[in-house]
Protein chains: 2
Amino acid sequence: MRYYAGIDLGGTNIAAGIVDETGQIVGRAIVPTGAERGYGAVVRTMAETVNLAASAAGIDRDSVGSIGVGVPGAVDLDKVRVVEAPNLAWRDVALASELEALCGKKTILGNDADCAVLAETACGAARGRKSAVMLTLGTGVGGGVIIDGRIFSGCGPGGLEPGHMTLVHGGEPCSCGNRGCVEMYASASALIRRTKRAMDMHPDSLMWEKSGGGLSIDGKTAFEAAKSGDKWAKCVIDEYISYVASAVSGLVNIFRPEIVIIGGGIAGQGDYFIKPLNAAVKSRCYANKLISPPETVAAALGNDAGIIGAAMLCMQKEDIK
Amino acid sequence: MRYYAGIDLGGTNIAAGIVDETGQIVGRAIVPTGAERGYGAVVRTMAETVNLAASAAGIDRDSVGSIGVGVPGAVDLDKVRVVEAPNLAWRDVALASELEALCGKKTILGNDADCAVLAETACGAARGRKSAVMLTLGTGVGGGVIIDGRIFSGCGPGGLEPGHMTLVHGGEPCSCGNRGCVEMYASASALIRRTKRAMDMHPDSLMWEKSGGGLSIDGKTAFEAAKSGDKWAKCVIDEYISYVASAVSGLVNIFRPEIVIIGGGIAGQGDYFIKPLNAAVKSRCYANKLISPPETVAAALGNDAGIIGAAMLCMQKEDIK
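Keep in mind that this is a model prediction, so the values were computed, not measured. (Residues numbered from 1 in each chain as written. Chains lettered and ligands numbered in written order. Predicted model: local features only at pLDDT ≥ 70, side-chain atom pairs only at ≥ 80, totals over all residues. Heavy atoms only, no water.)

A.B. asks: What am I meant to see in the relation of the copies chain B and chain A here?
C.D. replies: Relating one copy of the chain to the other takes a rotation about an axis and a shift parallel to that axis. Laying chain B over chain A is done by rotating through 180° and shifting 0.0 Å along the axis; what remains is an RMSD of 0.0 Å. In short, the pair behaves as if placed about a two-fold rotation axis. Both copies present the same face, since 100% of the interface residues in chain B are matched by interface residues at the equivalent positions in chain A. (Least-squares fit on C-alpha atoms with pLDDT ≥ 70 in both. Contact = heavy atoms within 4.5 Å.)

A.B. asks: Where do I start with the side chain of Gln269 of chain A in this structure?
C.D. replies: Residue and element names in this part refer to chain A. Along the chain, Gln269 turns up in the loop between β12 (259-263) and α9 (271-284). A distance of 2.8 Å separates polar atoms of two side chains, one belonging to Gln269 and the other to Lys227. With sequence-adjacent residues up to four places away left out, Gln269 is seen in contact with Lys220, Phe223 and Lys227. (Helix = DSSP H or I, 4+ residues; strand = E, 2+ residues; numbered from the N terminus. Polar contact = N/O pair within 3.5 Å; in protein donor to acceptor, adjacent residues only side chain to side chain.)

A.B. asks: What is the right way to look at the packing of helix α1 (residues 39-57) of chain A against helix α2 (residues 95-103) of chain A in this model?
C.D. replies: Each packed pair of helices is defined by two parameters, the angle between the axes and the distance between the axes. All names here are of chain A. At their nearest, the axes of α1 and α2 sit 10 Å apart, and the two run at 50° to each other. The orientation of α1 with respect to α2, classified from their angle, is oblique. Two packed elements cross with a definite hand, and for α1 against α2 that hand is right-handed. Facing α1, whose interface residues are Tyr39, Val43, Arg44, Met46 and Ala47, α2 presents Leu95, Glu98, Leu99, Leu102 and Cys103. Class assignment of the residues belonging to the contact of α1 with α2 gives a composition of 8 nonpolar, no polar and 2 charged. (Axes fitted to C-alpha atoms, helices over the stretch in contact; angles between N-to-C directions. Parallel < 35°, antiparallel > 145°, perpendicular 65-115°, else oblique. Left-handed = near helix turned anticlockwise from the far one by under 90°. Nonpolar A, V, L, I, M, F, W, Y, C, P; charged D, E, K, R; others polar.)

A.B. asks: How should I be thinking about the sheet that holds strand β7 (residues 90-93) of chain B in this particular structure?
C.D. replies: Pairing between the strands of a sheet is mediated by backbone hydrogen bonds and can be parallel or antiparallel. Residue and element names in this part refer to chain B. In spatial order, the strands read β5-β6-β7; together these 3 strands make up an open sheet with antiparallel pairing. On the outer flanks of this sheet lie β5 (74-75) and β7, each paired with one strand and no other. As defined by bridge partners, strand β6 (residues 82-85) adjoins β7 across 3 bridges and the pair is classed as antiparallel. Within β7, the position partnered with Ala85 by the bridge is Trp90. (Pairing = 2+ DSSP bridges.)

The structure is reproduced here in structure tokens:
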């Protein structure tokens, strides 16, 4: 059996895992990122986290073939430099070569959303599919696309950013400088904003009870109140699903994938969210009477997708050679 | 020199050309489609049009390697059947094998928008580029994408339909059954609708004069009045450019192409349209401070793109083998 190290590099934690050829994590370690210590310190911690994961797996470091890293930002076309990672305050750093020097292992970088969809396609919700589109609904909206079993992250630098396609021309201003981006309507943050607005307008809503009197409003608040029969919460959810469906069907009309995967905390709402979303997406896809639209499903691997997908970058690289 | 036949199959005319390896049309013929005569008659006319084009080129039919057809509709993944061509009232017909039987030449099908972008990339406005996104602004909005020098028309059947991505969630109803599609705001038809509305509201607008008192309002009306200083026409154009820019920047954020090509009659407005559009697209692309956005240019081949691109389908097919 061959093993690869996968590192899910986050703004808060560095999670590393030793992953076998089948996509199983056989050992893992998680260490705070401590980005405020600066780039060099973080790279050393990444190398140590890989060693810890190898120990946890009970395998020799030499058995690890190479290292893949999922980066929260843009990587260059050669997959060796981080172009920018805003959460880490990194810009144009030679991460792959520096990790290689520390670990003595070939290292390849990828965008974290790309890693997630790669993992879901290899051994998660889209196992066995040759093409997939994934949207991750979190603070923002990230996305990844698989074409012919491989990551498609655009033809040039900058990465695939479906969260910054326009969904409402002239709509709410986005941090990217544009207006009406998908992310302003389909992210968990957008759902929370809409939940708050609806609560302000409806003091009788169950959303108040579900959020401890408004003290802890999150992406679950409206879902829980809606499930308990609150009509205002139901409106918030219906509207949210409608926005997500418009974003997803637009991507289906472009990529015609075999399957659509929804990731992020909100996907954890399961069928209550995914079933109506799936129906709404299908009803909006172009030529849906003639060509059966793809299923929309929830991601299956949760946080592990980051580690597994990062390790998969190594396996894909070996494939190419 | 090798030659290929390219057929641009339209609802009104069948245009065929004999195209050499460099993308030059060396002979052509154009014959009315007569779709009302039914599928079989149209296929026979297509074969005859190829013969006429070969005669016009002064070359022997035997010198023509194979035939490519640009179809105004969806073709199957094997590029041999037309799934649906609404303007011809065709559904699931074996066009390639039937043309092969009539002409004795290998035949390959492609979507007409795909042919256009292929031609522009091979020998038009995007010559020498390995990736491109093209939007054709006409009655509707069609589009084609080139990745790594080859057509990308989606992973499954249905074709790439950027005209049916949502640009205004909950906006104007589209004939596809969805609402707020790109095509409802960025097509020439949409520009004409907005021109008419602005004229109704502003009896003093120069658009009345430019359209013969409202008798011939088309995609040029607002442009001509705006160029003559009419402020209401300028508003129509500014708004139109803003919609097109949102659609284009969304596609740039997905495909990160080297170049964006705008086709259709409106692209004929030249710099007056393309310059502000280019500026607006660049200002909206994600991470435009960090990564230089692609240029947006007007298509260069006009109606010839259909014939040349159809012939290019044959050349690409030979490449693959």
